[in-house]
Number of protein chains: 2
Amino acid sequence: KENFEANCFWPFSSGSGGNPKYMATPITRNVESLAMDKNNYRARMEDFIMQLQADICTAIAEVDGKPFVADRWERESGGGGVSCVLQEGNVFEKAGVNVSVVHGTLPPAAVREMRARGHKLSDNDPLPFFAAGISSVMHPRNPHAPTVHFNYRYFEVQDLNNKENPTTWWFGGGCDLTPSYLYEEDAVHFHQTLKDACDKHDASYYPRFKKECDKYFFIKHRGEARGVGGIFFDDQDDRPREQIFEFIQSCGRSFNRSYIPILKKRKDMPFTEAEKAWQQLRRGRYVEFNLVYDRGTKFGLYTPNARIESILISLPLTARWQYMHEPKAGSREAELLQVLKHPRDWVP
Amino acid sequence: KENFEANCFWPFSSGSGGNPKYMATPITRNVESLAMDKNNYRARMEDFIMQLQADICTAIAEVDGKPFVADRWERESGGGGVSCVLQEGNVFEKAGVNVSVVHGTLPPAAVREMRARGHKLSDNDPLPFFAAGISSVMHPRNPHAPTVHFNYRYFEVQDLNNKENPTTWWFGGGCDLTPSYLYEEDAVHFHQTLKDACDKHDASYYPRFKKECDKYFFIKHRGEARGVGGIFFDDQDDRPREQIFEFIQSCGRSFNRSYIPILKKRKDMPFTEAEKAWQQLRRGRYVEFNLVYDRGTKFGLYTPNARIESILISLPLTARWQYMHEPKAGSREAELLQVLKHPRDWVP
């Protein structure tokens with residue numbers, strides 16, 4: 001059903017400065033030239049996320065010492081993607097960076113759900129759609145180094161008669177940090193970097209999207225946040241497309257700055273077996289959130305012929321569930337739970 | 001919120017023959033005397049599942065060499081349960097046997113769902129309900145020894161004006177086996193034992209409930225069954241209550257016969273690290289099924305103030321997700337996948 005074109009061990013083509021421009025051939029083979037047209041947001045978004053994938057994989061592989069493996073795949077019903085994975089590396093248990101660029105026809109349930117969220121969609125079904133996104137989860141080995149996640153996406157619902165000018169489009173995304181042990185300075189650095197990226201575009205973005213993040217990445221049945229948060233937003237369509245696209249680019253390009261300094265500081269810290277076991281329990285909570293609540297994961301799992309291995313790249317290599325585990329009062333583990341149960345503001 | 005009365009390391013009271021009758025005080029403190037009334041199915045079911053829990057925990061602890069720990073808990077909104085866990089034993093990574101006996105008022109969403117399934121419910125809401133069930137998952141250490149699950153439950157929807165004679169009641173349940181390596185003789189023994197228990201009551205039960213089981217324990221996004229199946233049924237109310245209750249008892253009491261001989265045969269088999277890693281990947285699939293599809297788990301996770309640790313007892317101690325893992329053609333691992341993708345009939 002899928003057409004794999006594995007680009008094992010190193011990116012496909014090189015851009016300027018010796019850095020690879022893309023990790024594999026883009027889904028739209030002539031995307032570079034199409035992206036020259038300022039009004040073609042589909043091509044510009046694909047070009048942007050393909051470049052971002054290469055920038056991030058290059059920077060992460062440099063820290064790890066092991067390269068990413070890139071799988072290029074095609075979707076029978078339209079589009080495809082590039083999944084980059086670094087598994088059992090020196091620094092990472094598992095790190096994945098996915099790009100997908102897909103198009104097709106919206107199922108009626110998706111149309112209802114989008115209308116409920118306030119999008120105005122034409123009554124001329126079937127409605128064609130286009131979606132391009134990048135998403136990533138990275139799980140380091142060292143229990144003092146946090147797991148990180150980000151996702152940026154662009155969505156269009158088109159009219160059968162006028163595919164070039166979608167009446168409805170929006171951007172969504174976010175980035176959040178999930179430590180097993182709390183280092184306040186790390187949380188502050190991470191949030192400050194995201195805030196700086198937001199503030200360049202709208203001073204109201206960071207405070208709103210920080211709150212949305214705490215709300216979204218919440219494991220209801222445990223009564224605790226997944227981690228120390230970050231930013232989260234969806235359905236952004238309240239100003240000219242160019243402005244929101246610029247904001248999305250600022251967010252995506254801030255990732256390496258937000259995460260890599262933390263990673264470098266923590267990756268070689270000494271740790272005990274008990275600390276590793278605690279990290280594995282926290283990995284279990286990560287699995288609970290992703291399989292029970294995460295909209296993207298659920299949407300993917302319920303989509304016929306979705307590429308399951310790319311969707312579940314987000315799951316950790318290993319996880320643990322221990323009946324009635326409770327950290328000792330006053331321990332570093334209890335300190336983390338306190339913060340997860342009572343999300344804090346990290347930057348003024 | 002909950003009131004724990006941990007009965008650590010050995011059952012609470014002893015019945016005849018030196019076997020413990022219950023693992024802890026029943027939820028309904030005078031259940032033994034109430035159960036003498038043949039028409040009190042609530043008390044009879046509670047007494048039955050409490051005894052079954054003790055019989056099974058005793059037999060499993062004997063094989064493991066480590067006893068179960070029993071937690072008795074109370075539910076603020078009505079009822080409670082007894083959770084028995086054997087964690088990091090000699091034979092088992094994790095084995096849990098839960099009893100819960102709860103009552104309260106049905107939320108409107110549950111009423112709609114039950115009506116959609118064909119149950120006739122009074123319009124006089126709020127509708128009081130009663131539910132008593134036993135459920136268990138056991139994950140052995142040895143990759144050649146299969147994971148097993150069972151669940152038997154009784155449900156009543158009552159009328160506010162006549163709680164003693166519920167107009168609507170039903171039984172549900174099932175039992176299924178999840179090996180990491182296929183041993184045909186084990187699958188045959190397991191199914192034959194369940195078939196024998198079914199055949200005593202209705203020759204149509206086993207073939208119907210075997211098919212239901214293959215249908216229910218199916219990981220849709222992977223296109224594979226969770227394991228080699230067993231039996232599964234719900235909403236059983238098509239004959240006198242006494243007859244169905246007898247059937248439920250036959251099923252429950254057949255558990256030790258269906259599983260323990262397999263466990264004894266496999267628990268000390270030599271195994272390699274690669275076999276252990278394959279078992280861990282299969283554990284990951286188990287987590288996917290339980291968190292994404294299992295009705296009982298989802299119902300529990302979305303229930304406010306549910307006892308999450310009892311619901312998630314079913315998750316393995318450890319699990320693994322590896323990107324794009326695929327067993328070699330012709331391997332023992334590929335043999336299992338074949339059976340999971342094409343469920344077989346195990347007994348004539």
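Here's a quick rundown of the structure. If you're wondering where the values come from, they're calculated on a predicted model, not measured in any experiment.

Cut-offs applied
Residues numbered from 1 in each chain as written. Chains lettered and ligands numbered in written order. Predicted model: local features only at pLDDT ≥ 70, side-chain atom pairs only at ≥ 80, totals over all residues. Heavy atoms only, no water. Helix = DSSP H or I, 4+ residues; strand = E, 2+ residues; numbered from the N terminus. Buried < 20%, exposed > 50% of the residue type's maximum accessible area, 1.4 Å probe, protein only. Polar contact = N/O pair within 3.5 Å; in protein donor to acceptor, adjacent residues only side chain to side chain. Least-squares fit on C-alpha atoms with pLDDT ≥ 70 in both. Contact = heavy atoms within 4.5 Å. Buried area = accessible area lost by both parts, 1.4 Å probe. Salt bridge = Lys/Arg side-chain N within 4 Å of Asp/Glu carboxyl O. Nonpolar A, V, L, I, M, F, W, Y, C, P; charged D, E, K, R; others polar. Pairing = 2+ DSSP bridges. Axes fitted to C-alpha atoms, helices over the stretch in contact; angles between N-to-C directions. Parallel < 35°, antiparallel > 145°, perpendicular 65-115°, else oblique. Disulfide = S-S within 2.5 Å. Expected span 1.5 Å × (residues − 1). Arc of directions from axis to C-beta.

**Details of the side chain of D202 of chain A**
All names here are of chain A. Counting through the fold element by element, D202 comes out in the loop between helix 4 (184-199) and helix 5 (205-216). By relative accessible area, which is 18% here, D202 ends up buried. Within the structure, the side chain of D202 is placed 2.8 Å from the backbone nitrogen of S204, a separation counted as a polar contact. Separated by 2.8 Å, the side chains of D202 and R239 make a polar contact.

**Comments concerning the relation of the copies chain B and chain A**
Superposition of chain B onto chain A requires a rotation of 180° combined with a translation of 0.0 Å along the rotation axis, giving an RMSD of 0.0 Å. Both copies of the chain, as the preceding transformation shows, are related through a two-fold rotation axis. No C-alpha of chain B approaches the rotation axis more nearly than that of A319 of chain B, which lies at 2.7 Å. By residue overlap, the copies meet face to face through one surface: 100% of the interface positions of chain B are interface positions in chain A.

**Looking at the interface of chain B and chain A**
Each partner contributes to the interface: chain B provides 34 residues, whereas chain A provides 34 residues. Taking both partners together, chain B and chain A bury about 3,000 Å²; carbon and sulfur atoms supply 57% of that area. The largest contributions to the chain B side of the interface with chain A come from E309, W321 and Y323 of chain B, which together make up 26% of the buried area. Our count for the contact surface shared by chain B and chain A stands at four salt bridges. For R222 of chain B, the salt bridge is made with E309 of chain A, and the minimal N-O distance between the two is 2.8 Å. Of all the secondary-structure elements, those providing two or more residues to the side of chain B that touches chain A are strand 5 (79-87), helix 8 (273-292), helix 9 (295-301), helix 10 (308-311) and strand 13 (318-320) of chain B. Across the side of chain B that touches chain A, the residue classes tally to 18 nonpolar, six polar and ten charged.

**Some details on the pairing of strand 4 (residues 69-74) of chain A**
Regular strands place their side chains on alternate faces of the sheet. Pairing geometry for strand 4 of chain A and strand 5 (residues 79-87) of chain A, over six bridges, is antiparallel. The partner of W73 of chain A across the bridge, within strand 5 of chain A, is G81 of chain A.

**Regarding the packing of helix 6 (residues 241-253) of chain A against helix 7 (residues 255-266) of chain A**
All names here are of chain A. Running from N to C, helix 6 and helix 7 point in directions that differ by 15°, and their axes come no closer than 4 Å. In terms of axis orientation, helix 6 runs roughly parallel to helix 7. Counted together, C251, G252 and R253 of helix 6 and F255, N256 and R257 of helix 7 form the full contact between these two elements. Partitioned by chemical class, the residues of the contact of helix 6 with helix 7 number two nonpolar, two polar and two charged.

**Some details on the state of the cysteines**
Scanning the entire structure with this criterion turns up zero disulfides over all chains. This cysteine, C57 of chain B, is not joined by any disulfide, and C84 of chain B carries the nearest cysteine sulfur, 4.2 Å off.

**Remarks on the environment of R295 of chain A**
All names here are of chain A. Among the secondary structure elements, R295 is positioned in helix 9 (residues 295-301). On the accessibility criterion, R295 (40% relative accessible area) is partly exposed. Once the C-alpha coordinates of R295 and D159 are considered, the two residues, 136 residues apart in sequence, prove to be 25 Å apart. Apart from the residues within four sequence positions on either side, R295 is in contact with Y216, F232 and D234.

**Description of the packing of helix 2 (residues 41-64) of chain B against helix 7 (residues 255-266) of chain B**
Residues and elements named next belong to chain B. Interaxial distance between helix 2 and helix 7 falls to 11 Å at its minimum, and their mutual angle equals 10°. Considered as vectors, helix 2 and helix 7 are oriented roughly parallel to each other. For the pair formed by helix 2 and helix 7, the contact residues are D55, I56, A59, I60 and V63 on the first element and F255, N256, Y259, I260, L263 and K264 on the second. Considered class by class, the residues forming the contact of helix 2 with helix 7 number eight nonpolar, one polar and two charged.

**Considering helix 5 of chain A**
All names here are of chain A. For helix 5, which comprises twelve residues, the first-to-last C-alpha distance of 16 Å matches the rise-based estimate of 16 Å (1.5 Å per residue) to within 8%. Within the sequence span of helix 5, burial applies to Y205, Y206, F209, K210, C213, D214 and Y216. When helix 5 is viewed along its axis, its buried side chains cluster within an angular range of 165° and face the same direction. Exposed and facing more than 90 degrees away from the buried side of helix 5 are K211 and K215.

**Describing unusual backbone geometry**
Residue and element names in this part refer to chain B. Even without being glycine, E88 reaches a positive phi, approximately 50°. Topologically, E88 is positioned in the loop between strand 5 and strand 6 (92-105). Under the relative-accessibility criterion, E88 is labelled partly exposed at 38%. Its identity as a non-glycine residue notwithstanding, D235 has a phi of 55°, on the positive side. Note that D235 resides in strand 12 (residues 229-236).

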